[in-house]
Amino acid sequence: MAKRTVSLLLLLLHGVCVPASVQVCRLLGQPTLPLLSAERDINIGAIFTIHRNVLLKMHPFTSKPEPTKCISLNLREFKFAQTLIFAIEEINNSTQLLPGVYLGYKIYDSCGSIAQTVLSGMALMNGYEDTLSDTSCFRPPAVHAIIGESTSSPTIGLASVAGPFNLPVISHFATCSCLSNRKKYPSFFRTIPSDYYQSRALAQLVKHFGWTWVGTVRSRSDYGNNGIAAFEEAAKQEGICIEYSEAIFRTDPEEQILKTLEVIKKGTARVVLAFIALGDFVPLVKVIAQHNITGLQWVGSESWITSRTIAETKEYSFLSGAVGFAIANAKLVGLREFLVNVHPDQEPNNELLKEFWETTFQCSFRSSGSGGCTGSERLTKQQNEYTDVSELRIANKVYTAVYSVAHALHNVLKDFKSSTISSKREWPTTQKVLEYTRNVRFTVKTGEEIYFDASGDPVARYDLVNWQPAEDGSLQFRHVGAFESSLPSEQYQHLEVNKEHILWAGNSGQLPVSLCSESCPPGTRKAVQKGRPVCCYDCIPCAEGEISNGTDSSDCFPCDLEYWSNESKDRCVLKVVEFLSYTEIMGMVLCIFSFIGVILTANVYFLFYLHKDTPIVRANNSELSFLLLFSLSLCFLCSLTFIGRPTEWSCMLRHTAFGITFVLCISCVLGKTIVVLMAFRATLPGNNVMKWFGPAQQRLSVVCLTLKLHYVIICVLWLTLSPPFPYINLNYYREKIILECNLGSALGFWAVLGYTGLLSILCFVLAFLARKLPDNFNEAKFITFSMVIFCAVWLTFIPAYVSSPGKFTVAVQIFAILASSFGLLFCIFAPKCYIILLKPEKNTKKQMMGKSSSKSL
């Protein structure tokens, strides 16, 4: 609202037509005149910051204020003004562009002031006559386009005023992305890229060098505020954190700048991004030089990164190694000759040319003698910011801005000429020039193609420059990369960097490191520290079974079921497959005990065979003894089927062999127990039971017990419907695979085991009943002992089997088989072997049949 009021007031002050009842508008104040001008057929306006500051005065409001006075001539901006004149003269001398039409110019000074810029813009729109009449509204506009201004904030004011009047404003140096808003600034164009691209290019550059922890300093203006806002948004997407963000302005007191300096000193970030206008940066670098702060890696925006004023000041050598994006350089043939030919004598009444001469040669036209200006001084011998044409990055944008207007005018006049038959020349309106400027497309003599997008912006092209020390102690700019927005954006293809040519802060060839936290190596993940930015984190090792195979992983990823993390947690490796193997110590020990059992059983067998006719062997049916020894051998051997890698056949064999051999073994023992009972019952008078339980019946009982119908049915159904099979167990251990035999049907396994247990309990009961029968060698008590051991082993086996993990389950089962087999072998056959080998005198029929009182167990 305030801006609109000011604009309306300025319109009135400068004589814009008001209600029709008013016949004449008279200017109340002093007319605002251009500093440099030459009026011709069509005029172009321009506004530059030719002076850096406005001399502020307190107005008493009792008289008309004096004209604004500006101080501190800016040689760079004066060169921009002369470049504009050079481009216009070049166009006027061209036979291809605007033939027969001559361009004029009106150049105003904004003095770095927004108000002065708006005032100059109003003067360019209205002219500077003292009075305006009704007919003044129908005359051609004072200028058909305005070139300028050099900074964003004044340009915003200028574009806001010119927009409603459809007057094209083409800036050469206003980069604020806010100016791309077509609704607010419909007539604005620029030949310099928008900060939208530069901010993202800077974020990509910082990310490219691996800097995730940076500090920022900005101008407290539209340029700095919008630029840093866009950078912060892009930096967040790139994973870059900002430790601090300071804002300064050229008019800030020294105390404010010292506060900013203190923040920079205390910061841990080794990289400082300065998105700051040149005029605001100079006070800061002066204070930094005074406090001798070095070792910081500076990243700059296009405003100061190619400033000769700073680079050639030796006190600012701490900026050596600075990198930043600059507008692409160009060479304008003939410009230097034009610049050095400028002389006050060309316009004796022009005070600006005199001031320029006095500033350049440090003399005065108002004094004589050694300090006076003679006019004979030569610009060709001067080396300063004005005469230097090695860095025409921004001057070239002034040049292309003038040519943009010229090509738009050329196209308008060309269409006018083809559409009218009148011989009278018709000049275009500003609205027509605006329309044609939107569609202008041409190539300048530097080879650059110029056109504007829908927002009035050109294609973003930047040079990446690096400040490196020169031999004279100053700093020079070296081209080390480029950025172009029109290239593909995948994987930063539009950013090119030659790292090997870059010299870093402190003239070091080593890339600086600026991190809040060190990178997390593979095998760890990032855990953000509470209350701090995401770039500040701790490195947490991945959990077992999880990996991270890259640096700075935000999370660990679980391995597939068949895989497990290695020791460093950076790679998934195949899990260790665990089964009871012949090659491991436990497998070897069990094999040895199994073979020992077989050997001992074979020795007993041969010993019994050699003494098969002795009474102790013949007692209680020797055939059952040999059959029992055979079954014990099978029991010892069947334990070997449990060792080794499980296969389909080995799984079926181990459980089948286990069931059959143990049922056969217990059936033999049960048969022997029945024989003992029958034998002693047959000694009673009139009892003829033994003729019904002779050798043939004993063999048959063993066969029947072993191949009992329901047992056979259980085994057949088990092996047919749900047989044991190899199974990869991934559930018990997370870090390894258990390769085991799945029972298939647990009911079948426990039914077989239960039948074996039933026979052993029956055998134990019968042997226990026969333990007190009279005889010198009563085998029942030894069978009882063996059954006690057998039952104890298998009763203990059940909980151990259920709770043992992996290969230990198999080991428990093998141990139970071996322990019960050794128990039967030693308890039943050891006493007989003792008598045969050590007490042969007791191996007689008389001794066997002798009565003795048996002691209770």
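Residues numbered from 1 in each chain as written. Predicted model: local features only at pLDDT ≥ 70, side-chain atom pairs only at ≥ 80, totals over all residues. Heavy atoms only, no water.

Trainee: So what about the confidence of the model for the protein chain? Which residues, and what values?
Mentor: When pLDDT is averaged along the protein chain, the result is 84, and 87% of the positions lie at 70 or above. Of the regions scoring below 50 in pLDDT, residues 686-694 engages in 16 contacts with residues more than four places distant in sequence or in other chains. Taken together, the stretch residues 852-857 has pLDDT below 50 and engages in 11 contacts with residues farther than four places along the chain or on a different chain. (pLDDT = per-residue confidence, 0-100. Contact = heavy atoms within 4.5 Å.)

Trainee: I'd like a rundown of unusual backbone geometry, residues and numbers included.
Mentor: Of note, the bond from Gly 148 into Glu 149 is cis; its omega dihedral lies within 30 degrees of zero at -5°. At Gln 362, a residue that is not glycine, the phi angle is positive and equals roughly 55°. In this structure, Gln 362 sits in the loop between α11 (351-361) and α12 (393-419). A positive phi angle is found at Asn 507, which is not glycine, with a value near 55°. In this structure, Asn 507 sits in the loop between β20 (495-497) and β21 (524-528). (Helix = DSSP H or I, 4+ residues; strand = E, 2+ residues; numbered from the N terminus.)

Trainee: Quick rundown of helix α14 (residues 585-610)? Include the residues and the values.
Mentor: With 26 residues, α14 should reach 38 Å at 1.5 Å per residue; the first-to-last C-alpha distance of 37 Å fits that figure. Here α14 has its buried residues at Gly 587, Leu 590, Cys 591, Ser 594, Gly 597, Val 598, Thr 601, Val 604, Leu 607 and Phe 608. (Expected span 1.5 Å × (residues − 1). Buried < 20%, exposed > 50% of the residue type's maximum accessible area, 1.4 Å probe, protein only.)

Trainee: Which residues make up empty space enclosed by the protein, and what are the values?
Mentor: Here the structure, examined in full by the defined rule, presents three cavities of 30 Å³ or more. When its volume is computed, the largest cavity comes out at roughly 150 Å³. What lines the largest cavity is a set of 13 residues, among which Arg 76, Lys 79, Thr 306, Glu 385 and Glu 391 lie closest to the centre. Elements supplying a minimum of two residues to the lining of the largest cavity: α2 (75-92) and α12. Per-class residue counts for the lining of the largest cavity are four nonpolar, two polar and seven charged. (1 Å grid on protein atoms, 1.4 Å probe; cavity = no way out; pocket = protein on both sides within 12 Å on 5 of 7 lines; lining within 4 Å. Points joined across faces, edges and corners; volume = space filled by probe spheres on them. Nonpolar A, V, L, I, M, F, W, Y, C, P; charged D, E, K, R; others polar.)

Trainee: Explain the pairing of strand β19 (residues 475-484) residue by residue, including any values.
Mentor: Of the pairings in the sheet, the one linking strand β18 (residues 461-469) to β19 comprises nine bridges and is antiparallel in character. Bridging from a neighbouring strand, Asn 466 pairs with Arg 478 of β19. Between β18 and β19, which pair antiparallel in sequence order, lie five residues; one of them, Gly 473, sits at a positive phi of approximately 95°. Note: β19 against β20, three bridges, orientation antiparallel. Bridge assignment links Gly 481 to a residue of β20, and that residue is Val 497. (Pairing = 2+ DSSP bridges.)

Trainee: Please give an account of the packing of helix α21 (residues 780-803) against helix α22 (residues 807-838) that cites residues and values.
Mentor: The geometry of a pair of packed helices is captured by two quantities: the angle between their axes and the separation between those axes. Following both chains from N to C, one finds α21 and α22 inclined at 175°, their axes separated by 8 Å at the closest point. The angle between the axes of α21 and α22 places the two elements in the roughly antiparallel class. Between α21 and α22, the residues in contact are Phe 782, Ile 783, Phe 785, Ser 786, Met 787, Ile 789, Phe 790, Val 793, Trp 794, Phe 797, Ala 800 and Tyr 801 and Thr 809, Val 812, Gln 813, Ala 816, Ile 817, Ala 819, Ser 820, Gly 823, Leu 824, Cys 827, Ile 828 and Pro 831, respectively. Taken together, the residues of the contact of α21 with α22 sort by class into 19 nonpolar, five polar and no charged. (Axes fitted to C-alpha atoms, helices over the stretch in contact; angles between N-to-C directions. Parallel < 35°, antiparallel > 145°, perpendicular 65-115°, else oblique.)

Trainee: Residues and numbers for the environment of Gln 82, please.
Mentor: Inspection of the secondary structure puts Gln 82 in helix α2. Separated by 313 residues in the primary sequence, Gln 82 and Ala 395 place their C-alpha atoms 9.3 Å from one another. Setting aside anything within four residues of it in sequence, one finds Gln 82 in contact with Leu 36, Phe 338, Leu 339, Val 342, Leu 353 and Tyr 386.

Trainee: Can you explain the state of the cysteines? Please cite residues and give values.
Mentor: One pass over the structure, following the stated rule, counts nine disulfides. Residue pairing for Cys 520: its cysteine sulfur links by disulfide to Cys 539, the two sulfurs lying 2.0 Å apart. When the S-S torsion is -95°, as for the bridge of Cys 520 with Cys 539, the disulfide is left-handed. Here Cys 520, found in the loop between β20 and β21, pairs with Cys 539, found in strand β22 (residues 537-541); they are 19 residues apart in sequence, far enough to count as distant. Accessibility expressed as a relative area gives 0% for Cys 520, which makes it buried. One disulfide bridge connects Cys 559 with Cys 572, the sulfur atoms lying 1.9 Å from each other. The S-S bond linking Cys 559 to Cys 572 shows a torsion near -90°; that makes this disulfide left-handed. Taken together, the residues span a long stretch of sequence, with Cys 559 in the loop between β24 (557-558) and β25 (563-565) and Cys 572 in strand β26 (residues 572-574) at a distance of 13 residues. You can call Cys 559 buried: its relative accessible area is 13%. For Cys 572, a relative accessible area of 24% corresponds to the partly exposed category. Cys 638 takes part in no disulfide bond, and the closest cysteine sulfur to it belongs to Cys 635, at a distance of 5.6 Å. (Disulfide = S-S within 2.5 Å.)

Trainee: Can you explain a nonpolar patch on the surface? Please cite residues and give values.
Mentor: Residues Ile 585, Met 588, Val 589, Ile 592, Phe 593, Ile 596, Leu 600 and Phe 826 make up a contiguous nonpolar surface patch of about 730 Å² in total accessible area. Broken down by element, the residue count for the nonpolar patch peaks at seven residues, all from α14. Within the secondary structure, Leu 600 is located in helix α14. (Patch = residues over 30% accessible without salt bridge, like charges linked within 9 Å, V, L, I, M, F, W, Y side chains within 5 Å. Areas by Shrake-Rupley, 256 points an atom, 1.4 Å probe, with all protein chains shown as cover. Salt bridge = Lys/Arg side-chain N within 4 Å of Asp/Glu carboxyl O.)

Trainee: Describe the sheet that holds strand β29 (residues 736-742), with residues and values.
Mentor: A sheet is described by the order of its strands in space; here three strands give the open sequence β27-β29-β28, paired in mixed fashion. Looking at strand neighbours, the two that pair on one side only are β27 (576-578) and β28 (725-729), the edges of this open sheet. The average undirected angle you get between the axes of adjacent strands in this sheet is 25°.

Trainee: Please give an account of the environment of Ile 828 that cites residues and values.
Mentor: Within the secondary structure, Ile 828 is located in helix α22. For the pair Ile 828 and Ile 783, spaced 45 residues apart in the sequence, the C-alpha separation amounts to 6.0 Å. Ignoring any residue separated from it by four or fewer positions in sequence, one finds Ile 828 in contact with Leu 628, Val 669, Lys 672, Glu 779, Phe 782, Ile 783 and Ser 786.

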